[in-house]
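# Structure assessment
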Amino acid sequence: FYIKPVVHNMQVFKFGGASVKDADGVRNVAAILKRYAGQPLVVVVSAMGKTTNALEEVVQAYAGETGQAAELLNSVRTMHQAAADDLFGANRTLPVFADMEKHFLRIEEMLDKKPMAAYNFIYDQIVSLGELLATRLVSAYLNHVGVANEWLDVRNCLKTDNTYREANINWEVTNWQVREKVLPMMRNNKMVVTQGFIGATIEYFTTTLGREGSDYTAAVFANILEAEA
C-alpha cells in the first residue's frame, strides 16, 4: 500500500565526481551543506574525480587475468586514504578508515578468485566501490564538522533487475524501501548521505544504472519522496 511522505520542505542535492574530486572538494561540499543544516535533505554523491575510470581498469585487468588488478586497486586505496588523511589529520583510528577498508576487502576477496562470472556482473561489483567510498568520506567529514547526517547504503533501497551496467528499477519495491528506510532517517537526523549510480537486485547483487546514473538516482529519490526541489 502507499505511504504518503510526511517530510515537509525536503530537498535532494546531488554532487558529481568533480565536486568531490579531492579533500578540498569535500570541504566545499560541507560548506554548502552547512547552510542547510537541520533541514531535511537527501544528498546523492558520485565517485571522487576519475575513480570510476580507475576502477574500470581494475575490472579489465581482473577479467583479462593480467595480474595487475590488485596493484590498480591499491592505487585507488592510496588516493582515498590520502584524501581522508587530509580531511581528518591522518587520524586513522577514526571509524571512516575502517569503513572504507571494509569495502576494499570485499573487492580484494573477489580479485583473489578466478573470474567466472559475466563481465558486466564483474563490472558492477567492482566499479560500485567508488560511490561507496566517496559517500563514506563525505558523510564522515560532515559529522566531523558538526553537520549531522546518516550514511545510507542505497542498495538497501534502490532495487533493480539483473541487467548489469544498465539496470532497470523495480519501482514497486524501491518505492516501498525508500519510504520505509529513508523517511525515519530523515526525521531523526534531517540529512541522509547516499550513493548515486548504483542499486542492487532483490538477491543483493550490486547493479549500476549506466554512466551518469547519479543524476537519475537523485531524480528517483526526489520523485518518491515528493521533494520540493
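Below: a short report on this structure.

Definitions and limits used
- Residues numbered from 1 in each chain as written.
- Predicted model: local features only at pLDDT ≥ 70, side-chain atom pairs only at ≥ 80, totals over all residues.
- Heavy atoms only, no water.
- Axes fitted to C-alpha atoms, helices over the stretch in contact; angles between N-to-C directions.
- Helix = DSSP H or I, 4+ residues; strand = E, 2+ residues; numbered from the N terminus.
- Parallel < 35°, antiparallel > 145°, perpendicular 65-115°, else oblique.
- Left-handed = near helix turned anticlockwise from the far one by under 90°.
- Contact = heavy atoms within 4.5 Å.
- Nonpolar A, V, L, I, M, F, W, Y, C, P; charged D, E, K, R; others polar.
- Buried < 20%, exposed > 50% of the residue type's maximum accessible area, 1.4 Å probe, protein only.
- Pairing = 2+ DSSP bridges.

### Quick look at the packing of helix H2 (residues 51-63) against helix H5 (residues 119-127)
- Running from N to C, H2 and H5 point in directions that differ by 135°, and their axes come no closer than 9 Å. Viewed along their axes, H2 and H5 adopt a mutual orientation that is oblique. As for how H2 packs across H5, the hand of that crossing is right-handed. When H2 is examined against H5, the residues Thr52, Leu55, Glu56, Val58, Val59, Gln60, Tyr62 and Ala63 are found in contact with a partner set consisting of Tyr119, Ile122, Tyr123, Ile126 and Val127.
- Taken together, the residues of the contact of H2 with H5 sort by class into 10 nonpolar, two polar and one charged.

### What about the packing of H2 against helix H3 (residues 69-88)?
- Relative orientation of the contacting elements H2 and H3 amounts to 160°, with a least axis distance of 8 Å. It follows from the interaxial angle that H2 and H3 lie roughly antiparallel. The handedness of the crossing between H2 and H3 is left-handed. Contacts between H2 and H3 involve Thr51, Ala54, Leu55, Glu57, Val58, Ala61 and Tyr62 from the former and Ala69, Leu72, Leu73, Val76, Met79 and His80 from the latter.

### Some thoughts on the pairing of strand E4 (residues 191-195)
- Counting buried residues in E4 gives five out of five residues, a clear majority hidden from the surface.
- Along E4, one buried face is formed by Met191, Val193 and Gln195 and the opposite face, lined by Val192 and Thr194, is buried too.
- Here strand E3 (residues 150-151) runs beside E4; their pairing, made up of two bridges, is parallel. Counted as the bridge partner of Glu150 is Val192 from E4.

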